[in-house]
Amino acid sequence: FQAEDGIRDYKVTGVQTCALPISAALDPKTSVLILDIADKIIREYNLTVLFITHQLKDALQYGNRIICMENGKIKKDLDDENKSRLTISEVYRWFE
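About the criteria used
- Residues numbered from 1 in each chain as written.
- Predicted model: local features only at pLDDT ≥ 70, side-chain atom pairs only at ≥ 80, totals over all residues.
- Heavy atoms only, no water.
- Helix = DSSP H or I, 4+ residues; strand = E, 2+ residues; numbered from the N terminus.
- Buried < 20%, exposed > 50% of the residue type's maximum accessible area, 1.4 Å probe, protein only.
- Contact = heavy atoms within 4.5 Å.
- Patch = residues over 30% accessible without salt bridge, like charges linked within 9 Å, V, L, I, M, F, W, Y side chains within 5 Å.
- Areas by Shrake-Rupley, 256 points an atom, 1.4 Å probe, with all protein chains shown as cover.
- Salt bridge = Lys/Arg side-chain N within 4 Å of Asp/Glu carboxyl O.
- Phe/Tyr/Trp six-rings, centres within 6.5 Å; stacked < 30°, edge-to-face > 60°.
- Lys NZ or Arg CZ within 6 Å of the ring centre and 35° of its normal.

Turning to the overall build of the protein chain, a few remarks are in order. Check the secondary structure of the protein chain and you find 4 helices and 4 strands. When burial is assessed residue by residue, the protein chain has 18% of its 96 residues classed as buried. Of the contacts formed within the protein chain by residues at least 6 apart in sequence, a portion of 22% connects residues at least 24 apart.

Together, Leu33, Ile37, Ile41, Tyr45, Leu47 and Val49 make up a nonpolar patch on the protein surface, roughly 580 Å² of accessible area in all. Along the polypeptide, Tyr45 turns up in the loop between helix H1 (28–44) and helix H2 (56–62).

The geometry of an aromatic ring pair comes down to the distance between the two centres and the angle between the two planes. In this structure the tally under the stated criterion is 0 aromatic pairs. Positioned above the aromatic ring of Phe95, the side-chain terminus of Lys75 is 5.5 Å from the ring centre.

This is the structure:
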């Protein structure tokens, strides 16, 4: 199912999922607006969300767990406590 506004909605084994159009295709202001609205809804309803992004700054800001993959394998898996100590520079070094 693909809605006109680009939001996809799927039903997977009884779990409701929704893919929001959060991508580099959005201008920075709209991207931040959508992420802030999504973050508010996620926290208000205590939702579990799998947020897939290449925007490391967004992953650090909005995620409470970061899983970094390379060639289909998990390279790093950090919980909220360990993630909160990271700087963006440290995350960029993972890719050197």
